[in-house]
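# Structural overview
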Amino acid sequence: MLSIKNLHASIDDKAILKGLNLEMKAGEVHAIMGPNGSGKSTLASVLAGKEDYEVTEGEVLYHGKDMLDMAPEERAGEGLFLAFQYPVEIPGVSMVNFMRASLNSIREYRKQEPLSAGQFLKLMREKKEIVNLDDKLLKRAVNEGFSGGEKKRNEIFQMAMLEPSLVLMDETDSGLDIDALRIVSDAVNQFRSKDNAFLVITHYQRLLEYIVPDFVHVLSEGKIVRSGGKELALELEEKGYDWLKEGVGA
Amino acid sequence: MQSTKTKEFIQQFQPQTLPTSLPNEVRELAMSALNILELPTTKWEEWKYSNLRPILKHQFQPANHAEIDNLAAYLIPDFEANVLVFVNGVYSKSLSQIGELEDTVSVTLLSELEGETAAVFSDYYGKITSPEGQIFSALNTAYAAEGVFIHAKGVVERPIHLLHIQHATAAQSVQMRNLFLVEKHAKVKVLESFHSSNDTPSFRNAVTEIFVKENAGLEYVKLQEEGEAGMMVDQTEISQASDSRVKTYTLSMGGNWIRNNLHFHLKGPNTESVLNGLYMLKDNQHVDNHSLVHHFAPNSYSNELYKGILGGKSTAAFRGKIHVHQPAQKTNAYQSNRNILLTDTASVNTKPQLEIYADDVKCSHGATTGRIEEEALFYLRARGVPMEEAQQLLIHAFGAETLDGITMDAVVGYIDQLITARFAGITD
Ligand SMILES: Nc1ncnc2c1ncn2[C@@H]1O[C@H](COP(=O)(O)OP(=O)(O)OP(=O)(O)O)[C@@H](O)[C@H]1O
Ligand SMILES: [Mg+2]
């Protein structure tokens, strides 16, 4: 589904990703862990198409198509979804209008008819239940004045609405209370299927107890320095990252 | 000695006939002022950003009566209002749509003032003077031939729409004059919209004087939607008595060159004033908004929010001054001007100002000029919304805030669409 080869990316001439390789197949969940500043969010942003980053080398194929050539909205149309680490507030754009614009744009990209107002509202009602999102939030402007946890749940609500095939979750667990963590994980697990894949960026092993990954990768200084099964997360929790750095040259 | 340039400028506006219904002394004063006043230049502080060159390069003829046959193009869908239509500054009885005029209001053309109404009118006409923009208001007072006297005596339910169309075949000028008198406890809503049927150069010099009495309310929306060669100087003077509420909305969505002077005179205590403005400019458009709020009495509230979105090589200026006089204790006065530049070639010059002579007040002012929020744009695009639509959503979100408080829903709906459509086709 996703194939990243030798990806190099920089911002303002500062290299951040330095030769990253990753292969993901449909049905898989990959976790990415790594120290602060190692490039995890950068990877997510580059994949989503943020123009601030310059890709200097490498390729990214998504369903066999060159993804780096696509505009962010095209990537979304192709089925990519990024749950942001810091979702932005957009004053003046209501959640309803935002969601309708988003869903219908993606449908248009896929040459599907737009949803009628009735169908759309029904879908909103259905999906908001899944993440237990308060009605009042949906009446407000996008993320405006949402608490940290509400913003994260809103991201997962949007995922449920758009039904992407590749989901990048950038620290969706940070800022969630214990109940919300369970709700969000349940929503993800419910949505998981053999046709979609997840790339879960997290600092905490706890999330991975709920959303059990097939692979765990450690990103350090712009490269994946270690990959393993879900046990790797436990080992990291115990030992930290330093032992890996020492091991890089060995 | 008045310069020849100014003399010639004034001369072109001299009409053939003047209505006998307007008070003569006021006109004569204005005419003698016209013998000495000078045209402002950009060396004058107040006119630094309103270069008159685009106006001076034309020779305008006073406009003549004309008819148009596509009024629907200018009407606001589903807006239930009494509509007075003026084509080239001349009232069109056949186009106007005056259904049921409530007995709480009288609406009289200046050319038809007589009897009791004329007497009330003269008590107020020309009574608010303001040094700024003198030559244009003097010109208007001297030569204006038509306009509307709205006299609200109670609560007026049905809004009044003054609809102006420039329908020119050669460069023409229109001078119009309004007077709104809102009596104690009365309430009225007015939309005044300005359009052109084509891109022939036109110049409009408008003056509106407004008196809002004790505990009365006015909602006044000015929608400037003239064509690519529409030039306009607007002077609006508002006097508020105690406990009155006034909301003005100055929305510049078209036109080539606009100078708006908006002055509030808050004479009684406990007044509320909202001054909102929006300008969405393209190509070589220029809009200069000057506002001045005089707080003369205690316990009053004024809130000013002007927003601009500028594309192309457009230019805008904002000069807002809040003047809190010594007796105006417990004044709450806020002022903000925010701008988004869509191109490197657009520019805005903004200067909010406070002048405070009372010690117990809450005042703030601020100005910002920036770009479309990149983070918000990316968020929308990452959710599949194409670039252009995402920009439109953000532009709308930014601009529509200035419509807050307009209670004429159909008008809000119409302007909402104008805001969204204004920059359709931009992709930076
Ligand atoms: N816009 C930017 N300008 C300059 N440096 C940047 C920019 N964005 C990211 N960086 C730098 O790139 C590096 C990687 O940042 P990134 O956000 O990808 O880290 P991360 O692995 O997600 O960290 P965290 O765990 O703290 O979220 C950091 O050193 C960061 O300071
Ligand atoms: Mg990060």
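Residues numbered from 1 in each chain as written. Chains lettered and ligands numbered in written order. Predicted model: local features only at pLDDT ≥ 70, side-chain atom pairs only at ≥ 80, totals over all residues. Heavy atoms only, no water.

### Quick notes on the site of ligand 1
All names here are of chain A. Taken together, 15 residues lie around ligand 1, and Gly37, Lys40, Ser41, Thr42 and His203 are the ones closest in. One of the backbone N or O atoms of Ser38 is found 3.2 Å from an oxygen atom in ligand 1. Thr42 places a side-chain nitrogen or oxygen 2.5 Å from an oxygen atom of ligand 1. Contact with the protein chains hides 65% of the accessible area of ligand 1, taken as 640 Å² for the molecule alone. Elements that contribute at least two residues to the shell around ligand 1 include exactly strand E2 (14-24) and helix H1 (40-48). Per element, the largest residue contribution to the shell around ligand 1 is three residues, and it comes from H1. Residue composition of the shell around ligand 1, grouped by class: four nonpolar, eight polar and three charged. (Near = heavy atom within 4 Å. Polar contact = N/O pair within 3.5 Å; in protein donor to acceptor, adjacent residues only side chain to side chain. Areas by Shrake-Rupley, 256 points an atom, 1.4 Å probe, with all protein chains shown as cover. Helix = DSSP H or I, 4+ residues; strand = E, 2+ residues; numbered from the N terminus. Nonpolar A, V, L, I, M, F, W, Y, C, P; charged D, E, K, R; others polar.)

### Side note on the coordination of the magnesium ion (ligand 2)
Protein ligation of the magnesium ion (ligand 2) involves A:Ser41 (OG) and A:Gln85 (OE1), the donor distances falling in the range 2.0 to 2.2 Å. Of this pair, A:Ser41 sits in helix H1 while A:Gln85 sits in the loop between strand E6 (80-83) and strand E7 (90-94), placing them 44 residues apart in sequence. (Donors = N, O, S within 2.8 Å, 3.2 Å for Na, K, Ca; no water.)

### Comments concerning the packing of helix H6 (residues 148-162) of chain A against helix H7 (residues 178-191) of chain A
All names here are of chain A. Two elements in contact, H6 and H7, have axes separated by 11 Å at closest approach and are oriented at 15 degrees. Comparing their axes, H7 and H6 come out roughly parallel. Pair H6 / H7 crosses with left-handed handedness. Mapping the contact onto sequence places Arg153, Ile156 and Met159 in H6 and Ala180, Val184, Ala187, Val188 and Phe191 in H7. (Axes fitted to C-alpha atoms, helices over the stretch in contact; angles between N-to-C directions. Parallel < 35°, antiparallel > 145°, perpendicular 65-115°, else oblique. Left-handed = near helix turned anticlockwise from the far one by under 90°. Contact = heavy atoms within 4.5 Å.)

### Things to note about H6(A)
Residue and element names in this part refer to chain A. Taking 1.5 Å of rise per residue, 15 residues should cover 21 Å, and H6 covers 22 Å from first to last C-alpha, within 8% of that figure. With 13 of 15 residues buried, H6 lies mostly within the body of the structure. The positive-phi residue at the C-terminal boundary of H6 is Glu163, with phi of around 45 degrees. (Expected span 1.5 Å × (residues − 1). Buried < 20%, exposed > 50% of the residue type's maximum accessible area, 1.4 Å probe, protein only.)

### Thoughts on the sheet that holds strand E2 (residues 82-87) of chain B
The strands that make up a sheet pair up through hydrogen bonds in the backbone, lying either parallel or antiparallel. Residue and element names in this part refer to chain B. The sheet built from 10 strands is open, its strands ordered E3-E2-E6-E8-E10-E12-E14-E16-E18-E20 with mixed pairing. Here the strands that pair on one side only, and so sit at the sheet edges, are strand E3 (90-97) and strand E20 (362-370). The mean inter-strand angle of the sheet, taken between neighbouring strand axes irrespective of direction, is 10 degrees. Contacts between helix H7 (residues 387-400) and the sheet are confined to strand E14 (272-281), strand E16 (301-310) and strand E18 (332-341), with E16 contributing the most and set at about 155 degrees to the helix. (Pairing = 2+ DSSP bridges.)

### Considerations on helix H4 (residues 117-130) of chain A
Within an α-helix, residues lying three or four positions from one another point in the same direction, as the helix has 3.6 residues per turn. All names here are of chain A. Taking 1.5 Å per residue as the helical rise, H4 with its 14 residues ought to reach 20 Å, and the 21 Å between its terminal C-alpha atoms agrees with that figure. Inspection of H4 places Phe120, Leu123, Met124, Lys127 and Lys128 among the buried residues, and these make up the whole buried set. Taken down its axis, H4 places every buried residue within 125 degrees of arc, on the same side. Opposite its buried face, H4 presents the exposed residues Lys122 and Glu129, each directed more than 90 degrees away. (Arc of directions from axis to C-beta.)

### Observations concerning the side chain of B:Ser50
Residues and elements named next belong to chain B. If you trace the backbone, Ser50 turns up in the loop between helix H2 (24-34) and helix H3 (53-56). Ser50 sits in the buried class, given a relative accessible area of 2%. Once residues lying within four places of it in the same chain are set aside, the contact partners of Ser50 are Thr42, Trp257, Arg259, His286 and Asp288.

### Structural notes on the pattern of salt bridges
All names here are of chain B. By the definition in use, this model includes 23 salt bridges over all chains. The salt bridge partner of Lys213 is Glu183, with a shortest N-O separation of 3.8 Å. Within this pair, whereas Lys213 is found in the loop between strand E9 (202-212) and strand E10 (217-225), its partner Glu183 is found in the loop between strand E7 (172-182) and strand E8 (187-196), the two being separated by 30 residues in sequence. Arg259 is paired through a salt bridge with Asp288; the nearest N and O atoms lie 3.4 Å apart. Taken together, the residues span a long stretch of sequence, with Arg259 in strand E13 (residues 257-266) and Asp288 in strand E15 (residues 286-295) at a distance of 29 residues. (Salt bridge = Lys/Arg side-chain N within 4 Å of Asp/Glu carboxyl O.)

### Some words on the pairing of E3(B)
Note: E2(B) against E3(B), four bridges, orientation antiparallel. Along E3(B), the bridge assignment pairs B:Val83 with B:Gln97.

### Some thoughts on the interface of chain B and chain A
Counting residues at the interface gives 16 residues for chain B and 29 residues for chain A. Overall, the association of chain B and chain A removes approximately 1,900 Å² of surface from exposure, summing both partners, and the carbon and sulfur fraction of that is 66%. The tally of links between chain B and chain A comes to four salt bridges. Inspection of the region where chain B meets chain A yields 11 residue pairs in polar contact (both at pLDDT 80 or more). Those elements that place two or more of their residues in the side of chain B that touches chain A are helix H6 (374-382) and H7 of chain B. Of all the elements, H6(B) adds the most residues to the side of chain B that touches chain A, at seven residues. Taken together, the residues that form the side of chain B that touches chain A break down as 11 nonpolar, one polar and four charged. (Buried area = accessible area lost by both parts, 1.4 Å probe.)

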